[in-house]
Amino acid sequence: MPDISKLSKEQAAKELERLAKEIAKSDEAYYQHDDPYLTDAEYDKLKHLNEAIENKYPDLVRSDSPSKRVGAPVKSDFKKITHKVPMLSLADIFSEEELADFVKGVQKFLNTEEDIEFTAEPKMDGLSFSARYEDGILVSGATRGDGKIGEDITDNLRVIKGLPHKVEAADFPQVMEMRGEVYMSKADFFALNEKNKEENKKPFANPRNAAAGSLRQLDAGITKERKLSLLVYTWGEVSKVSWKSQSEFLEKVKGWGFPVNPYNRLCHNLSEIIESYESLLNNRADLAYDIDGIVYKVNSLELQARLGFLTRTPRWAVAHKFPAEQAVTRIENIRVQVGRTGALTPVADLEPINVGGVVVSHATLHNEDEIKRKDIRIGDYVVIQRAGDVIPQVVSVVLEKRSPGLKEYEFPKTCPECGAHAIREEDEAVRRCTGGLSCPAQAIERIKHFVSREAFNIEGLGSKIVEEFFNEGILQNPADIFTLEERNGGYEDDLFSANQGIHLENREGWGKKSADNLFKAIRSRQQISLPRFIYALGIRQVGAATSLLIAKNYGSFSNFMEKMRIGDTEKLVSIDGIGEAMSKDITEFFKEEHNLRIIAKLLNYVKVEDFEDTTDYNSPLSGKTVVFTGTLEKMTRAEAKAKALSLGAKVVGSVSGSTDYVIMGSSAGSKAQKAQDLGVKILSEEDFLSLIG
């Protein structure tokens, strides 16, 4: 990038000419062909360079300057629709300093030092649309186009789930143009690309391109197949404005049956605006769809009117862009981790790279099929993306940068931890170690699971301590926990017995008080409820909710274990929520002699209470199917689930049409969006607490 301060007027004119051509070419590729050749970051750099040069030499602003354009002219294949109210773009900012300047600029223009309310709305990475209603009937739809003239996509919009064809609300204006964004979820994007590969079609570069390419089809049938979604965030022409603020408009939109973003937020000052940015940036990867920033709007329509517009952007709104979430780096090694259930998971060790503001040095490769499908090799340069599960993943290999001679990766057939055979069942994508509790990796993870919050909940035995104790031979299985205090004896002043005790109090970072606290915590857990004990065993597929179901149906652990040992699963498979596959995992667990030996040891120290059903079947949740998502503030997810179960609810992990409630905490992910799409009732944590009294 040239140093603007050193540019002569002649050089500046030539640079503006180059930028006008390059940006116009990029706009055409992006808006008309849905096939961009520049990344968002590269495009934004060009736009800012153009803006900076124009600010230095205002008399050099060209008639075809990018600063005077919005989007690109429509393709000739589509009918044209002229927007009664232009669809303008927003100015971009990229830092907290620019955000502070924007807010101060608004205050200065309004001649006030008082805090001003702004809405903070996720900036969807999709394709803008305008849907026109007359007398409540959807009559036409259009893309943004160049801001003045868009493409007629009426038939395509009609097939997108969530957009009403008719609105019967009494307060719905006689003429109303709803404007928003059409997008494609990450899951639907990956599914579409898989289908394209199977049919030897070119895959889309990202969800935005997929959404744009799907919406701008001459055949609406193709659009319908592509599973698009949309959200409304503003309006165009309207016969009567009955709302006084942006936030009031969004509430009305919801009431009229249109989808709006559940992460929209009303901010009362700059610190709340910054907080909204940081929260969305940190949880961006959890969303079911791509966003590339946040749009801030002055909330009051009266203040918006006073602020007015610049040449092509409103003075009362701005888009705060996020850093890019993808980057290219090199795979230095592929190693295989072994989980609690023996699953072998490949992980790529990377040359550290900044992805979306986070330094990434490792990425999941999911399983051996994924490595083979993408042909990932050690030494390859790859595109890294922070995916929906937050864990970075390898999107694709940059084949042009592959060095000759790189060998295909061969997935191990033996466990890297214990050397036991690693087998793969026909119906599974995962290869598993057969070493069981004799495998160090599984043993460590099972002990961690055993002491976890939803199991025995033993304070003082965190992951790091468990690993230290295991590696030193202090803990080898869960039963060893209950002999720790007994084995801690010995007399350091006696040369013949100095090594008889563990002497936790003499360890670095420990002391007599911390050792006594640990022993006290262990003693307090020597009587435990049946559901917690079953969960603590770490049986594959058996979570906290399933453990409670088993406890309810078998009453005591001795009864349950005896039935499993003899293979009596008739009652087990009849329980709603336990199928054949889970039943097989449970019975296989009780067939393993080493598991039975550890259970026998545990029962020498632990009393497992018989199950007492205290479920409140008269509660508002009784018989309801409930899903929890996001982070709760007043209780943990485990506590909330346990409470719901005790009130007769059925707690499940995924949202479907049969779900009654989705309880949404902060930083909720795709489940909240799916609930909205399916019309499932969403409750906040406060709503949930109020409901259960």
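Residues numbered from 1 in each chain as written. Predicted model: local features only at pLDDT ≥ 70, side-chain atom pairs only at ≥ 80, totals over all residues. Heavy atoms only, no water.

**Observations regarding the sheet that holds strand 4 (residues 127-134)**
Working definition: the strands of a sheet are paired by backbone hydrogen bonds and lie parallel or antiparallel to each other. The line we're drawing: Think of it this way: DSSP has to see at least two bridges between two strands before they count as a pair. By definition, any uninterrupted DSSP run of H or I lasting at least four residues is a helix, any uninterrupted run of E lasting at least two residues is a strand, and each is numbered from the N terminus. Helix axes are fitted only over the stretch in contact, all axes being lines through C-alpha atoms; the angle between N-to-C directions runs from 0 to 180 degrees.
A sheet is described by the order of its strands in space; here 4 strands give the open sequence 5-4-7-8, paired in antiparallel fashion. On the outer flanks of this sheet lie strand 5 (137-143) and strand 8 (229-238), each paired with one strand and no other. Taking each pair of neighbouring strands and ignoring which way they run, the sheet shows an average axis angle of 25 degrees. Bridge analysis of strand 7 (residues 175-183) against strand 8 gives 7 bridges, and the strand direction is antiparallel. By the bridge assignment for strand 8, methionine 178 is matched with tryptophan 235.

**A closer look at the nonpolar core**
What counts is decided by this rule: We define the nonpolar core as a collection of buried residues of types Ala, Val, Leu, Ile, Met, Phe, Trp, Tyr and Cys that are connected through side-chain atoms lying within 4.5 Å of one another. Think of it in three bands: with a 1.4 Å probe and only protein chains considered, a residue is buried below 20% of the maximum accessible area for its type, exposed above 50%, and partly exposed in between. Only heavy atoms enter the contact rule, under which two residues are in contact if any of them lie within 4.5 Å.
Residues Ile481, Phe557, Ile586 and Phe590 are the most contacted members of the largest nonpolar core, which totals 54 residues. Contributing elements (two or more residues each) for this core: helix 12 (440-450), helix 13 (463-471), helix 15 (512-523), helix 16 (530-536), helix 17 (544-554), helix 18 (557-565), helix 20 (580-591) and helix 21 (593-605). Those residues in contact with phenylalanine 590, other than ones at most four positions away along the chain, are Ile539, Phe557, Phe560, Met561, Met564, Arg565, Leu596 and Ile599. Judged by nonpolar contacts, the second largest core, of 35 residues, contains Ile153, Leu230, Val238 and Leu250.

**Some thoughts on helix 18**
The criterion, for reference: The directions from the helix axis to the C-beta atoms are what the arc is built from.
The set of residues buried in helix 18 consists of Phe557, Phe560, Met561 and Met564. Along the axis of helix 18, the buried positions cluster into a sector of 95 degrees, meaning they face one direction only. Against helix 16, helix 17, helix 19 (570-574), helix 20, helix 21 and strand 20 (607-608) lie the buried residues of helix 18. Glycine 567 occupies a position one or two residues after helix 18 and carries a positive phi of about 75 degrees.

**Details of unusual backbone geometry**
Note: most residues except glycine have negative phi, and most peptide bonds are trans. With a phi close to 50 degrees, asparagine 457 is a non-glycine residue in the positive phi region. Considering the arrangement of structural elements, one finds asparagine 457 in the loop between helix 12 and helix 13. Even without being glycine, histidine 503 reaches a positive phi, approximately 55 degrees. Positionally, histidine 503 belongs in the loop between helix 14 (484-487) and helix 15. Look at histidine 503 and you get buried, because its relative accessible area is 9%.

**Quick notes on the environment of arginine 507**
Rules: We call two N or O atoms a polar contact when they sit within 3.5 Å, provided that within protein one can donate a hydrogen and the other can accept it, with sequence-adjacent residues counted only if both atoms are side-chain atoms.
As for its placement among the helices and strands, arginine 507 is situated in the loop between helix 14 and helix 15. The class of arginine 507 is buried, set by a relative accessible area of 17%. Sequence-wise, arginine 507 and glutamate 686 are 179 residues apart; in three dimensions their C-alpha atoms are separated by 45 Å. Of note is the side chain of arginine 507, whose polar atom sits 2.8 Å from the side chain of glutamate 472.

**Examining the confidence of the model for the protein chain**
Defined as follows: Along the chain, pLDDT gives the predictor's confidence residue by residue, from 0 to 100.
For the protein chain, the average pLDDT comes to 85, and 91% of its residues sit at 70 or higher. Ranking the elements of the protein chain by mean pLDDT puts helix 22 (residues 637-646) last, at 77, and strand 9 (residues 265-267) first, at 97.

**Thoughts on the packing of aromatic side chains**
In this description, an aromatic ring pair is defined by two values, namely the gap between the centres and the angle between the planes. Using the following cut-off: The aromatic pairing rule takes the rings of Phe, Tyr and Trp, using the six-membered ring of Trp, and pairs them if the centres are within 6.5 Å, calling planes under 30 degrees apart stacked, those over 60 edge-to-face and the rest tilted. To sit over a ring, a charge needs its Lys NZ or Arg CZ within 6 Å of the ring centre and within 35 degrees of the ring normal.
Evaluation of the coordinates by the stated rule reveals 26 aromatic pairs. Ring centres 5.2 Å apart and planes at 80 degrees place the aromatic pair phenylalanine 589 and phenylalanine 590 in the edge-to-face group. Between phenylalanine 628 and phenylalanine 688 the ring centres are 5.4 Å apart and the planes differ by 90 degrees, which places this aromatic pair in the edge-to-face class. You can see phenylalanine 628 sitting in strand 21 (residues 625-629) and its partner phenylalanine 688 sitting in helix 24 (residues 685-692), a full 60 residues away along the chain. Neither residue differs from the other here; phenylalanine 628 and phenylalanine 688 are each classed as buried. Through a chain of ring-to-ring contacts, the aromatic side chains of Phe450, Phe456, Phe482, Phe533, Tyr554, Phe557, Phe560, Phe589 and Phe590 assemble into a single cluster. The ring of tyrosine 381 carries lysine 401 above its face, with NZ or CZ at 4.2 Å from the centroid. Directly above the aromatic system of tyrosine 554 lies the positively charged group of lysine 571, at a separation of 5.2 Å from the ring centroid.

**Some details on the packing of helix 20 against helix 21**
The cut-off we apply is this: By the definition adopted for this analysis, an angle is roughly parallel if under 35 degrees, roughly antiparallel if over 145, roughly perpendicular if from 65 to 115, and oblique otherwise. Three residue categories are used. Nonpolar comprises Ala, Val, Leu, Ile, Met, Phe, Trp, Tyr, Cys and Pro, charged comprises Asp, Glu, Lys and Arg, and polar comprises the others, including Gly.
Their axes nearest at 5 Å, the elements helix 20 and helix 21 cross at an angle of 75 degrees. Relative to helix 21, the element helix 20 is oriented roughly perpendicular. Facing helix 20, whose interface residues are Phe589, Phe590 and Lys591, helix 21 presents Glu593, Asn595, Leu596 and Ile599. Class assignment of the residues belonging to the contact of helix 20 with helix 21 gives a composition of 4 nonpolar, 1 polar and 2 charged.

**Let's talk about the pattern of salt bridges**
Quick note on the threshold: Just to be clear on terms, a salt bridge is a Lys or Arg side-chain nitrogen sitting within 4 Å of an Asp or Glu carboxyl oxygen.
Considering all chains together, one arrives at 32 salt bridges under this definition. For lysine 254, the salt bridge is made with glutamate 251, and the minimal N-O distance between the two is 3.5 Å. Placement of the pair is lysine 254 and glutamate 251 together in helix 8 (residues 246-255), with a separation of 3 residues, close to one helical turn. For lysine 254, a relative accessible area of 42% translates into the label partly exposed. Where arginine 377 meets glutamate 408, a salt bridge forms, and the shortest distance between an N and an O atom there is 4.0 Å. Pair noted here: arginine 377 is in the loop between helix 11 (368-374) and strand 15 (381-386) and glutamate 408 is in the loop between strand 16 (392-397) and strand 17 (422-423), with a separation of 31 residues, a long-range link. Bridged by salt links that share partners, the residues Arg132, Glu134, Glu177, Arg179 and Glu237 form one connected network.

**Notes on helix 13**
Every α-helical turn comprises 3.6 residues, leaving residues that sit three or four positions apart pointing alike. Looking only at helix 13, the buried set comprises Ile465, Val466, Phe469 and Phe470. The arc enclosing the buried residues of helix 13, seen along the axis, measures out at 130 degrees, which places them on a common side. Residues of helix 13 that are exposed and point more than 90 degrees away from the buried face comprise Lys464 and Asn471. Looking at the packing, one finds that the buried side of helix 13 touches helix 12, helix 14 and helix 15. Positive backbone phi, at 80 degrees, marks glycine 473, one or two positions downstream of helix 13.

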